[in-house]
Amino acid sequence: MAINELEQVSPNDGQGYIKAKQLIAEYTSNLAQIRVRKHEEETSLQAFDNANNKLNNLLANYSSDSDKNRTIAKIEGIINELNKVKSGTTVYNEAQKLKLLAENKIKEFQGKK
């Protein structure tokens, strides 16, 4: 790894040592940002997948005999799950589309008597 190689630069190397320390700091900072981004991607994907599965199952099993208010409450929970998807992640746009679908389903169910 580049950081390990840079750590081998001797303090006796003068300007090379200073440059190596600067690069180590930069690489360490970049690595931390990558780890945060990776975590956001993972948690966003998990939230999206969970919400998508829950909504699909809920709608597939809905019937006219289902409790409308309970179904609306479950959809609201799914929307809360979709709100966990971070902006800028790879699934964000899909999550927004699914959220819109869920919000429209709530409106549809609220209109049913």
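Our structure is the block above this text.
For the structure given in this document, a descriptive report is provided here.

Calculation rules
Residues numbered from 1 in each chain as written. Predicted model: local features only at pLDDT ≥ 70, side-chain atom pairs only at ≥ 80, totals over all residues. Heavy atoms only, no water. Helix = DSSP H or I, 4+ residues; strand = E, 2+ residues; numbered from the N terminus. Buried < 20%, exposed > 50% of the residue type's maximum accessible area, 1.4 Å probe, protein only. Contact = heavy atoms within 4.5 Å. Areas by Shrake-Rupley, 256 points an atom, 1.4 Å probe, with all protein chains shown as cover. Expected span 1.5 Å × (residues − 1). Polar contact = N/O pair within 3.5 Å; in protein donor to acceptor, adjacent residues only side chain to side chain. Axes fitted to C-alpha atoms, helices over the stretch in contact; angles between N-to-C directions. Parallel < 35°, antiparallel > 145°, perpendicular 65-115°, else oblique. Left-handed = near helix turned anticlockwise from the far one by under 90°. Core = buried A, V, L, I, M, F, W, Y, C linked by side-chain atoms within 4.5 Å. Salt bridge = Lys/Arg side-chain N within 4 Å of Asp/Glu carboxyl O.

**As for the overall build of the chain**
And step 1. Scanning the chain from terminus to terminus reveals four helices and zero strands.
And step 2. When the helices and strands of the chain are listed from N to C terminus, the series reads α-α-α-α.
And step 3. If you line up the chain on its principal axes, its C-alpha atoms span 80 × 20 × 15 Å.
And step 4. Going through the 113 residues of the chain one by one, you find that 25% of them count as buried.
And step 5. Excluding contacts between residues fewer than 6 apart, the proportion of contacts in the chain whose partners are at least 24 apart in sequence is 67%.
And step 6. A total of about 7,900 Å² of accessible surface is found on the chain, and carbon and sulfur atoms cover 48% of it.

**Examining helix 3 (residues 68–82)**
And step 1. End to end, helix 3 covers 21 Å across 15 residues, agreeing with the expected 21 Å (1.5 Å per residue, within 8%).
And step 2. Each element contacted by the buried residues of helix 3 is listed here: helix 2 (15–60) and helix 4 (92–111).
And step 3. A side-chain oxygen of the first residue of helix 3 lies 3.1 Å from the backbone nitrogen of Asn-69; this N-cap is Asp-67.

**Some details on the packing of helix 2 against helix 4**
Between two packed helices, what matters for the description is the angle formed by their axes and the separation of those axes.
And step 1. In contact at an axis separation of 11 Å, helix 2 and helix 4 are set at 30° when each is read in the N-to-C sense. As the angle between them shows, helix 2 and helix 4 are arranged roughly parallel. The chirality of how helix 2 crosses helix 4 is left-handed. Two secondary-structure elements touch here, helix 2 through Phe-48, Ala-51, Asn-52, Leu-55 and Leu-59 and helix 4 through Glu-94, Ala-95, Leu-98, Leu-101, Ala-102, Lys-105 and Phe-109.

**Some remarks on the environment of Glu-94**
And step 1. Structurally, Glu-94 is set in helix 4.
And step 2. Taking relative accessible area as the criterion, Glu-94 reaches 42% and is therefore assigned partly exposed.
And step 3. Taking the C-alpha atoms as reference points, Glu-94 and Met-1, 93 residues apart in sequence, are found 36 Å from one another.

**Observations regarding the nonpolar core**
And step 1. Counting residues in each nonpolar core, the largest one holds 17 residues, and the members touching the most others are Phe-48, Leu-55, Ile-75, Ile-78, Leu-82 and Val-85.
And step 2. Filtering out sequence-adjacent residues up to four positions away, Leu-55 remains in contact with Ile-75, Ile-78, Leu-98, Leu-101 and Ala-102.
And step 3. Counting residues in each nonpolar core, the second largest holds five residues, with Ile-3, Ala-20, Leu-23 and Ile-24 among its members.

**Focus on the pattern of salt bridges**
And step 1. Summed over all chains, the structure comprises five salt bridges.
And step 2. Here Arg-37 ties to Glu-41 by a salt bridge, and the two come within 3.2 Å at their closest N and O atoms. Of this pair, Arg-37 and Glu-41 are both found in helix 2, four residues apart, which corresponds to roughly one turn of the helix.
And step 3. In this structure, the salt-bridge partner of Glu-42 is Lys-38, at a minimum N-O distance of 3.4 Å. Highlighted residues: Glu-42 and Lys-38, both in helix 2, separated by four residues, approximately one helical turn.
And step 4. The partly exposed category is assigned to Glu-42, whose relative accessible area is 44%.
And step 5. Under the relative-accessibility criterion, Lys-38 is labelled exposed at 52%.

Without other data, these values stay purely geometric and don't point to any function.
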